[in-house]
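Descriptive structure summary
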Amino acid sequence: MKEIKVDIIGSCVTRDAFEFIEESKQMYKYKINNYISKVSIISLMSKKLESEYYIDNTRITKWESKQIQYDLKKDWFDKLKKSDSDVIIIDFIDERYNLYKVGECYLTKSNIIKNSAFKFKGDEKTYEIKRDLNLSIKLWEDSFDKFIKELKKLNKPIIIHEAFWKNEYRYGKINKSVSKKIYFKNFLASIYYIIFFKKGKFKASISKEVNKQNKILMGYYTKVNEYADLKHLIINIDYKADMGHKWGIAPFHYEKGYYLNFIYYLNEIMSEIMKDIK
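Now for a look at the structure at hand. Since the structure is predicted, the reported quantities are computational estimates derived from the model, not experimental observations.

Another aspect to go through is helix 6 (residues 134-152). Relative to the 27 Å expected for 19 residues at 1.5 Å per residue, helix 6 spans 27 Å between its end C-alpha atoms, a close match to the ideal helical length. Listed in full, the buried residues belonging to helix 6 are Ser136, Trp140, Ser143, Phe144, Phe147, Ile148 and Leu151. Angularly, the buried residues of helix 6 cover 140° about the axis, an arc narrow enough to put them on a single face. Exposed and facing more than 90 degrees away from the buried side of helix 6 are Asn134, Leu135 and Lys149.

With that settled, the discussion passes to a negative patch on the surface. Side chains of Glu50, Glu104, Asp123 and Glu124 sit close together on the surface and give a patch of like negative charge. By relative accessible area, Glu124 is classed as partly exposed at 42%.

All right, on to the pattern of salt bridges then. For the coordinates displayed, the defined rule picks out 19 salt bridges. Here Asp78 ties to Lys81 by a salt bridge, and the two come within 3.6 Å at their closest N and O atoms. Taken together, the positions of Asp78 and Lys81, both in helix 4 (residues 76-81) and three residues apart, correspond to about one turn of that helix. Residue Asp78 is classed as partly exposed on the basis of its relative accessible area of 41%. With relative accessibility at 51%, the residue Lys81 sits in the exposed group.

Inspection of the secondary structure puts Lys223 in helix 8 (residues 204-224). Given a relative accessible area of 8%, Lys223 falls into the buried group. When the C-alpha atoms of Lys223 and Asp145 are compared, they prove to be 9.2 Å apart, with 78 residues separating the residues in sequence. In this view, Lys223 contacts Trp140, Glu141, Phe144 and Asp145; residues no more than four positions away in its chain are not counted.

The antiparallel open sheet is built from three strands, whose spatial order is 6-5-8. Of all strands in the sheet, those bounded by a partner on one side alone are strand 6 (105-108) and strand 8 (126-129). Taking the axes of each pair of neighbouring strands and ignoring which way they run, one obtains an average angle of 30° across the sheet. Both strand 5 (residues 99-102) and strand 6 contribute to a ladder of four bridges, which runs antiparallel. Across the sheet, the residue bridging to Leu99 is Thr108, located in strand 6.

In a beta sheet, neighbouring strands pair by backbone hydrogen bonds and run either parallel or antiparallel. The sheet built from five strands is open, its strands ordered 2-1-4-9-11 with parallel pairing. Every interior strand has two partners, whereas the edge strands, strand 2 (29-37) and strand 11 (231-233), have only one. Mean inter-strand twist for the sheet, computed between neighbouring axes without regard to direction, equals 25°. Pairing between strand 4 (residues 87-90) and strand 9 (residues 158-161): three bridges, direction parallel. Across the sheet, residue Ile88 finds its bridge partner in strand 9, namely Ile158.

On inspection of all chains with the given rule, the structure shows 26 aromatic pairs. With a centroid separation of 5.9 Å and an interplanar angle of 80°, the aromatic rings of Tyr258 and Tyr259 are classed as edge-to-face. Both residues of the pair, Tyr258 and Tyr259, belong to the buried class. Linked through ring pairs, Trp76, Phe77, Phe92, Trp140, Phe144, Phe147, Phe164, Tyr220, Tyr221 and Tyr227 together constitute an aromatic cluster. Directly above the aromatic system of Tyr254 lies the positively charged group of Lys166, at a separation of 5.8 Å from the ring centroid.

Calculation rules
Residues numbered from 1 in each chain as written. Predicted model: local features only at pLDDT ≥ 70, side-chain atom pairs only at ≥ 80, totals over all residues. Heavy atoms only, no water. Helix = DSSP H or I, 4+ residues; strand = E, 2+ residues; numbered from the N terminus. Expected span 1.5 Å × (residues − 1). Buried < 20%, exposed > 50% of the residue type's maximum accessible area, 1.4 Å probe, protein only. Arc of directions from axis to C-beta. Patch = residues over 30% accessible without salt bridge, like charges linked within 9 Å, V, L, I, M, F, W, Y side chains within 5 Å. Areas by Shrake-Rupley, 256 points an atom, 1.4 Å probe, with all protein chains shown as cover. Salt bridge = Lys/Arg side-chain N within 4 Å of Asp/Glu carboxyl O. Lys, Arg positive; Asp, Glu negative; His and termini not counted. Charge placed at Lys NZ, Arg CZ, Asp CG, Glu CD. Contact = heavy atoms within 4.5 Å. Pairing = 2+ DSSP bridges. Axes fitted to C-alpha atoms, helices over the stretch in contact; angles between N-to-C directions. Phe/Tyr/Trp six-rings, centres within 6.5 Å; stacked < 30°, edge-to-face > 60°. Lys NZ or Arg CZ within 6 Å of the ring centre and 35° of its normal.

Shown next as structure tokens:
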């Protein structure tokens, strides 16, 4: 069975699927070489931060620190140039975060940036940019053009995982394969949702955010369609979010069937790519 090496620029909606390979119909073995996450394409394509800054690395994991460095130093492409991956998979779920603008540098206002007690030490003014503004959308589209131009230099197939947020969730058994702290938090969240909200429906404020983010994502996928040579992984079955997901309940933490279907469609795409190579 051929092993396929993968680079991911995206989020857990792609990364988590590879945990279900053993349960899927195995056509290929997959190995993740690089996983670049919690960072916007706008940030990746902007200039690196020249100002001095402070990060408390005791408050974040080594993996989280690594993602922040991609955001600050913009050295992600050098990393991928050294990778022997066979394919690059991209998703846009982490484009949900607002941005910081410091001079000519853009940074992603991710949860790990906030958790790291990140602070600028320079004199330049810092602006926060919301993602639903027309200016932000145009900035993303321009950045995506540059982003794809760089990735094509690697001469590797590029797959766009067209993922969306979900308005409904299912009551799955809470996954115990993570820390006790996360398990306990998930357990409390389940009780909260069972008591206070209509079964299987996110509260109104979350549903409003889901609809807003999906509208933005749809615009991104329309932009992607300008590039005919990109592959698209689309799951049309209406799966739900999963209250038992190991990372906790969220509109982009899906039920198991979604990830199994992801692997199924990925196998099909890879089979087509292998035929083209032959």
